[in-house]
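Observations on the three-dimensional arrangement
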Amino acid sequence: MKPTNLVKQLLLFTLILGCFFGVCSCETNNPKQDKTAFVTLKQAYQDYFPIGVAVSPSNLKDSLERALILAQFSSITAENVMKAGPIHPEIDRYNWEQADQVANFARAHNLKLRGHALIWHQQYPTWFFKDQQGNQISKDTLYARMRSHIHTVMNRYKDVIYAWDVVNEAVSDSVHKTYRESSPFYQIAGKEYLVKAFEFAKEADPEALLYYNDYNAVQPSKVNRIESLLEDLLQAGAPIDGVGIQGHWSIYEPSKEELTSALDLYSSLGLDIQITELDISLYRWEKHQRPLREGENQGFTASLEQKQIAQYESIFEVFRNYKEVITGVTFWNLSDRYSWLDHYPVEGRKNYPLLFDTILQPKKVYHKVVNFNQK
Ligand code: G3I
């Protein structure tokens, strides 16, 4: 390791340890002026809800990232490795290694673990919907495969996973349709597949909390379609406990009003709510991938930073006001060192959507989120 890197790593490690033991002062450069003891996310929100983070096995292998996770978060979610594609690559073969690493980390450190995700039209193994001749399978075969997949995965992690995203992103992006009809699940079985998924999950682990999880879940044009889907599930008697609002938001949206009216609506259905995939992008939401435009990679300017601070402050104020219905808030990725938003919707457009920067230091926005009592 180069000496400069070594110094940087040592400083960082000291900071993380300091934060962990609640002793460092981070609001100002002058400790004498600083009356604010360093508070971690999980300490600041202990009377509100668990604070979680989506992790990959590589986060857990990196000693600094690992220390940061343990210092700051009380819950984790596997970002990719429990999805059907990675975990069940062939009909008669499961790939447990990486998912086990995440589960064992949660077990070893007594962290809450959310399961993500059982039934999703993306990151699915291609065999799932085809017979040996390559033809589309029947509805009965689909249900048998869903049941077997759900039972096998849930059983393995029953002791440690307390909540599962049972169905992910089943609502259409079109304002004219409730269901994502292009999903192979829908094409084979219609909307009934959602009810079956929740029934199979309940059979597999009656203790687990079962969620429907979606993006744009507070966007006014999509809220009513998600509401229709949830009402269909409730009417059919599906054993659903809650709704996961992903929270892939930006410095431009949602407004406080949009957020509170969605929270009111979902909780009026009697459902528990979790924010499952929070990040605040510097760019407006776009569904479709496209190439980088000239001049677009503008970096994390002071003006963007201020907007991001304002947005995080605003949404966390709402979360705190809704602590009776929100039972978890999970960030999607650990720090600005890596975010899925560096690749989507524009490959190579660096984003800075989280509370920790590219060298794992708490950003200004971090202090605003944890020191909410000091306004
Ligand atoms: O593992 C392969 C690697 O072997 C290969 O070399 C590399 C080349 O592209 O790809 C790697 O797989 C990538 C995978 O992430 C793991 O890094 C996939 O291409 C990439 O598409 C995949 O992206 C994930 C995305 O879901 C898939 O739709 C993101 O990491 C993950 O953050 C994202 O998470 C989703 C939630 O599950 C559901 N809600 C939206 C959220 C953001 O899209």
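These notes cover the structure that comes with them.

Reading guide: rules and limits
Residues numbered from 1 in each chain as written. Predicted model: local features only at pLDDT ≥ 70, side-chain atom pairs only at ≥ 80, totals over all residues. Heavy atoms only, no water. Helix = DSSP H or I, 4+ residues; strand = E, 2+ residues; numbered from the N terminus. Buried < 20%, exposed > 50% of the residue type's maximum accessible area, 1.4 Å probe, protein only. Contact = heavy atoms within 4.5 Å. Areas by Shrake-Rupley, 256 points an atom, 1.4 Å probe, with all protein chains shown as cover. Core = buried A, V, L, I, M, F, W, Y, C linked by side-chain atoms within 4.5 Å. Near = heavy atom within 4 Å. Polar contact = N/O pair within 3.5 Å; in protein donor to acceptor, adjacent residues only side chain to side chain. Nonpolar A, V, L, I, M, F, W, Y, C, P; charged D, E, K, R; others polar. Pairing = 2+ DSSP bridges. Right-handed = clockwise from strand over helix to strand, strands pointing away. Phe/Tyr/Trp six-rings, centres within 6.5 Å; stacked < 30°, edge-to-face > 60°. Lys NZ or Arg CZ within 6 Å of the ring centre and 35° of its normal.

**So, the overall build of the protein chain**
- For the protein chain, the helix and strand inventory stands at 13 helices and ten strands.
- The buried share of the protein chain, taken over its 375 residues, is 55%.
- Sequence-distant contacts in the protein chain: of pairs separated by 6 or more residues, those separated by 24 or more amount to 75%.
- For the protein chain, the exposed area adds up to about 16,600 Å²; of that, 49% sits on carbon and sulfur atoms.

**Comments concerning the nonpolar core**
- Of all hydrophobic cores here, the largest spans 112 residues; its most connected members are Tyr212, Leu278, Phe316 and Phe319.
- The element that contributes the greatest number of residues to this core is helix α9 (residues 192-204), accounting for eight residues.
- Counting residues in hydrophobic clusters, the runner-up holds five residues, among them Ala54, Trp340, Leu341 and Tyr344.

**Regarding the site of the ligand**
- In the region of the ligand, 14 residues are neighbours, and Glu79, Lys83, His116, Glu169 and Glu277 sit closest.
- Gln122 places a side-chain nitrogen or oxygen 2.8 Å from an oxygen atom of the ligand.
- Relative to its unbound accessible surface of 800 Å², the ligand loses 48% to contact with the protein.
- A class-by-class count of the residues in the shell around the ligand yields three nonpolar, seven polar and four charged.

**Examining the side chain of Lys363**
- On the secondary structure map, Lys363 appears in the loop between β10 (326-331) and α13 (364-370).
- Polar side-chain contacts of Lys363 include one of 3.0 Å to the backbone oxygen of Tyr352.
- Non-local contacts of Lys363, meaning those with residues more than four positions away in its chain, are made with Phe300, Gln308, Asp336, Tyr352, Leu354, Leu355, Phe356 and Asp357.

**Quick look at the pairing of strand β9 (residues 272-281)**
- With respect to burial, β9 is a largely interior element, ten of its ten residues being buried.
- Sheet topology note: the strand β7 (residues 242-245)/β9 ladder contains four bridges and is parallel. By the bridge assignment for β9, Ile245 is matched with Ile275.
- The pairing of strand β8 (residues 248-250) with β9 spans three bridges and is classified as parallel. Within β9, the position partnered with His248 by the bridge is Asp279.
- Read as a crossover between parallel neighbours, the route from β8 over helix α11 (residues 256-268) to β9 is right-handed.

**Looking at the packing of aromatic side chains**
- Considering all chains together, one arrives at 31 aromatic pairs under this definition.
- Taking the centre distance of 6.4 Å and the plane angle of 65° together, the rings of Phe73 and Phe356 count as edge-to-face. One end of the pair, Phe73, is in the loop between α4 (63-72) and β2 (75-78); the other, Phe356, is in the loop between β10 and α13, with 283 residues separating them in the sequence.
- For Phe73, a relative accessible area of 2% corresponds to the buried category.
- What makes Phe356 buried here is its relative accessible area of 1%.
- Of note, Lys112 hangs over the ring of Tyr162, and the distance from its end group to the ring centre comes to 4.2 Å.
- Looking at Arg349, its charged tip hangs above the ring of Tyr283, at a distance of 3.7 Å from the centre.

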